[in-house]
Amino acid sequence: MKTYNSISLFERAQQSIPGGVNSPVRAFKSVGGTPLFIKRAKGAYLYDADDNQYIDYIASWGPMILGHAYEPVVKAIQEKAEGSTSFGAPTELEIEMAELIKSMTKNVDLIRMVSSGTEACMSALRLARGYTGRNKFIKFEGCYHGHADAFLVKAGSGLATFNIQTVPGITAGVSNDTLTCAYNNIEAVKDLVQQHKGEIAAIIIEPVAGNMGCILPQKGFVENLREICTQEGIVFIFDEVMTGFRLSAGGAQETLGVDADLVCYGKVIGAGMPVGAFGGKKAIMSHIAPLGSVYQAGTLSGNPLAMIAGYTLLQELNNNPNHYTELAAKTEYLHRGLETVLAASGKPYVINRLGSMISVHFSEKPVVDFASAAAADNAFFNQFFHAMLRRGIYLPPSAFESWFLNNALSYQDLDKTIAAVQESLQALLA
Ligand SMILES: *Cc1c(COP(=O)(O)O)cnc(C)c1O
């Protein structure tokens, strides 16, 4: 496989873009080698600057749930663009988008659109603080909630990939209000809540974690958090930037059957356009400006192109729940195929999966939190990543990322992937 054009583009990019990329994980630093520059994509396939084709398991980190360049979305964007790309004034489409999201999800009485998952989480935390009059909050080690200052403490994938422990530029004053516990450790949460009684504004969680590989909440964990929040007057925030509209039309709230007070969306909600949203119960959301005094704003929030893209995709997902059945069946098929070839290879492994999120950890022990994800043979994962890439399979370039399936993948693509895993393992373990 020749990648001359990507190599020369990467050299050129580094002259004018920090590290040659606009988001760190794209630089392939942890797995090594040169990142591929992508020219276009269609369905389940990516094409790089040298016209190599890859089966895509990133799906733009989630949004391409029905495949790339999904025609109804592309058409809708093209048509909308004719009527101007932004107004800075309200539109009927924003109401339709809000109504659609409300009809698909639980506990969302009011919803505010923003332009990224980072903005959604940052704003939800500010709102929880404004609403409760408390400063501290709890997050879980290895969970990523965007790059706002308060969240960049033990923040999973991107930082874990680069082994960044503390982030220069974030003041102690800010990070002192961020309390962290291990994922799936309810006793640690109870201890923190006791130690800081009456001081905790929010508990924020990825209800199924996707930023340390895919990690599932153990039975009762999220339910227990819900109970603690209710008892202590703590706002329970579900960061559904990954899980929203992916695990099911109603997201993790529906899949896990647990209610959140505030929910953050991103990724799928924008169909690949820059969109995020946060919403929740009226009693809390009505503290947001202009209803209340918790300020939050955005010049491009509710942008017409972003809204029509997201609306078109969400409507399709809402009208055809068989997309989720098909995605889950394909992911299970992949899971079984991976089991077979991994078991035969003799290399210890753990596969975590829920719906269309899945990850492989080269670990002997169950992977249930950040520490167990970090203890896996991630150096081997990095070699595995390149072996797969050489065989035309584009996995996330870090052991700390979930793989995302899209419904344009065919069973033939999955068989090719499983065969590539078998060949890669044979080549690496020979
Ligand atoms: C991607 C992600 C974010 C941040 O979203 P951006 O759009 O990249 O700012 C927040 N939370 C979770 C769970 C994510 O996966």
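Residues numbered from 1 in each chain as written. Predicted model: local features only at pLDDT ≥ 70, side-chain atom pairs only at ≥ 80, totals over all residues. Heavy atoms only, no water.

Quick look at helix α11 (residues 304-319)
Because the α-helix completes a turn every 3.6 residues, residues three or four places apart line up on one side. The terminal C-alpha atoms of α11 lie 22 Å apart, and with 16 residues this matches the ideal 22 Å at 1.5 Å per residue to within 8%. Within α11, twelve of the 16 residues are buried, which leaves it mostly tucked inside the rest of the structure. Three or more residues of α11 are buried, namely Pro304, Leu305, Ala306, Met307, Ile308, Ala309, Gly310, Tyr311, Thr312, Leu313, Leu314 and Leu317. Elements that come into contact with the buried residues of α11 comprise α2 (71-81), α3 (92-104), β4 (110-114) and α12 (322-345). (Helix = DSSP H or I, 4+ residues; strand = E, 2+ residues; numbered from the N terminus. Expected span 1.5 Å × (residues − 1). Buried < 20%, exposed > 50% of the residue type's maximum accessible area, 1.4 Å probe, protein only. Contact = heavy atoms within 4.5 Å.)

Some details on the site of the ligand
In the neighbourhood of the ligand, the contacting residues comprise Ser116, Gly117, Thr118, Tyr144, His145, Gly146, Glu206, Asn211, Asp239, Val241, Met242 and Lys267. Within the contact set of the ligand, a nitrogen atom lies 3.1 Å away from a backbone nitrogen or oxygen of tyrosine 144. Relative to its free-state accessible area of 380 Å², the ligand is covered by the protein chains to the extent of 83%. Along the lines of polarity and charge, the residues of the shell around the ligand split into three nonpolar, six polar and three charged. (Near = heavy atom within 4 Å. Polar contact = N/O pair within 3.5 Å; in protein donor to acceptor, adjacent residues only side chain to side chain. Areas by Shrake-Rupley, 256 points an atom, 1.4 Å probe, with all protein chains shown as cover. Nonpolar A, V, L, I, M, F, W, Y, C, P; charged D, E, K, R; others polar.)

Focus on the domain arrangement of the protein chain
One frequent convention defines the size of an interface as the accessible area lost when the parts assemble. Looking at the assigned domains, one finds that the protein chain contains domain 1 (4-69 + 321-429) and domain 2 (71-319). Computed over C-alpha atoms, the centres of domain 1 and domain 2 are 25 Å apart. In total, domain 1 and domain 2 occlude about 3000 Å² of area from one another, counting both sides; carbon and sulfur atoms represent 68% of this. Linking domain 1 to domain 2 there are one salt bridge. Along the contact surface separating domain 1 from domain 2 lie twelve residue pairs in polar contact (both at pLDDT 80 or more). For the side of domain 1 that touches domain 2, the secondary-structure elements that each account for two or more residues are α12, β11 (350-354), β12 (357-361) and α13 (370-374). The residue inventory of the side of domain 1 that touches domain 2, partitioned by class, reads 22 nonpolar, ten polar and five charged. (Domains from an automatic or database assignment. Buried area = accessible area lost by both parts, 1.4 Å probe. Salt bridge = Lys/Arg side-chain N within 4 Å of Asp/Glu carboxyl O.)

Some remarks on unusual backbone geometry
The phi torsion of most residues other than glycine is negative, and most of the peptide bonds are trans. Alanine 289 connects to proline 290 through a cis peptide bond whose omega is 5°. Relative to the elements of secondary structure, proline 290 occurs in the loop between α10 (282-285) and α11. Although it is not a glycine, alanine 59 sits at a positive phi angle of roughly 55°. Relative to the helices and strands, alanine 59 resides in the loop between β3 (53-56) and α2. The residue lysine 267 is not glycine, and still its phi comes out positive at about 50°. In this fold, lysine 267 is placed in the loop between β9 (262-265) and β10 (276-280).

Regarding the sheet that holds β12
An order of β11-β12-β14 is seen for the three strands of this open sheet, with the pairing classed as antiparallel. Edge positions in the sheet fall to β11 and β14 (403-404), since each of these pairs with one other strand and no more. Across two bridges, β12 lies against β14 in antiparallel orientation. Paired with methionine 357 across the strands is phenylalanine 404, a residue of β14. (Pairing = 2+ DSSP bridges.)

Brief notes about the sheet that holds strand β6 (residues 178-181)
Strand order in the open sheet formed by seven strands is β4-β10-β9-β8-β7-β5-β6, with mixed pairing between adjacent strands. The two strands at the open ends of the sheet, each matched to only one other strand, are β4 and β6. The mean inter-strand angle of the sheet, taken between neighbouring strand axes irrespective of direction, is 20°. Of the strands in this sheet, β5 (136-140), β7 (200-205) and β8 (235-239) touch helix α8 (residues 221-232), which is tilted by about 145° from β8. (Axes fitted to C-alpha atoms, helices over the stretch in contact; angles between N-to-C directions.)

Structural notes on the packing of α12 against helix α15 (residues 411-429)
Following both chains from N to C, one finds α12 and α15 inclined at 20°, their axes separated by 10 Å at the closest point. With respect to each other, α12 and α15 are oriented roughly parallel. Classified by chirality, the crossing of α15 by α12 is right-handed. Between α12 and α15, the contacting residues are Ala329, Lys330, Tyr333, Leu334, Gly337, Leu338, Val341, Leu342 and Ser345 on the first element and Tyr411, Leu414, Asp415, Thr417, Ile418, Val421, Gln422, Leu425 and Leu429 on the second. Here the contact of α12 with α15 is composed, by residue class, of twelve nonpolar, four polar and two charged. (Parallel < 35°, antiparallel > 145°, perpendicular 65-115°, else oblique. Left-handed = near helix turned anticlockwise from the far one by under 90°.)

With respect to the pairing of β11
Pairing between β11 and β12: five bridges, direction antiparallel. Across the sheet, residue asparagine 352 finds its bridge partner in β12, namely serine 359. Taking the residues that link successive antiparallel strands as the turn, the β11-β12 hairpin has two residues, and the phi of glycine 355 there is positive, at about 55°.

Observations regarding α12
Over its 24 residues, α12 runs 34 Å from end to end, which matches the ideal 34 Å to within 8%, given 1.5 Å per residue. The set of residues buried in α12 consists of His323, Tyr324, Leu327, Lys330, Thr331, Leu334, His335, Gly337, Leu338, Val341 and Leu342. For α12, the elements touching its buried residues are α11, β11, β12, β14 and α15. Two residues or fewer after α12 comes glycine 346, characterised by a positive phi angle close to 85°.

Section: the pattern of salt bridges
Under the counting rule described, the total for this entry stands at eleven salt bridges. Ionic pairing is found between lysine 106 and aspartate 259, a salt bridge with its closest N-O pair at 3.1 Å. In this pair, lysine 106 sits in the loop between α3 and β4 while aspartate 259 sits in the loop between α9 (251-256) and β9, placing the two residues 153 residues apart along the sequence. Judged by its relative accessible area of 36%, lysine 106 falls in the partly exposed class. Taking the shortest distance from any N to any O, the salt bridge between aspartate 177 and lysine 136 comes out at 3.3 Å. Here lysine 136 lies in strand β5 and aspartate 177 lies in the loop between α6 (172-175) and β6, a separation of 41 residues in the sequence. An identical accessibility class is assigned to aspartate 177 and lysine 136; each is buried. Connected through shared salt-bridge partners, Arg226, Asp261 and Lys281 make up one network.

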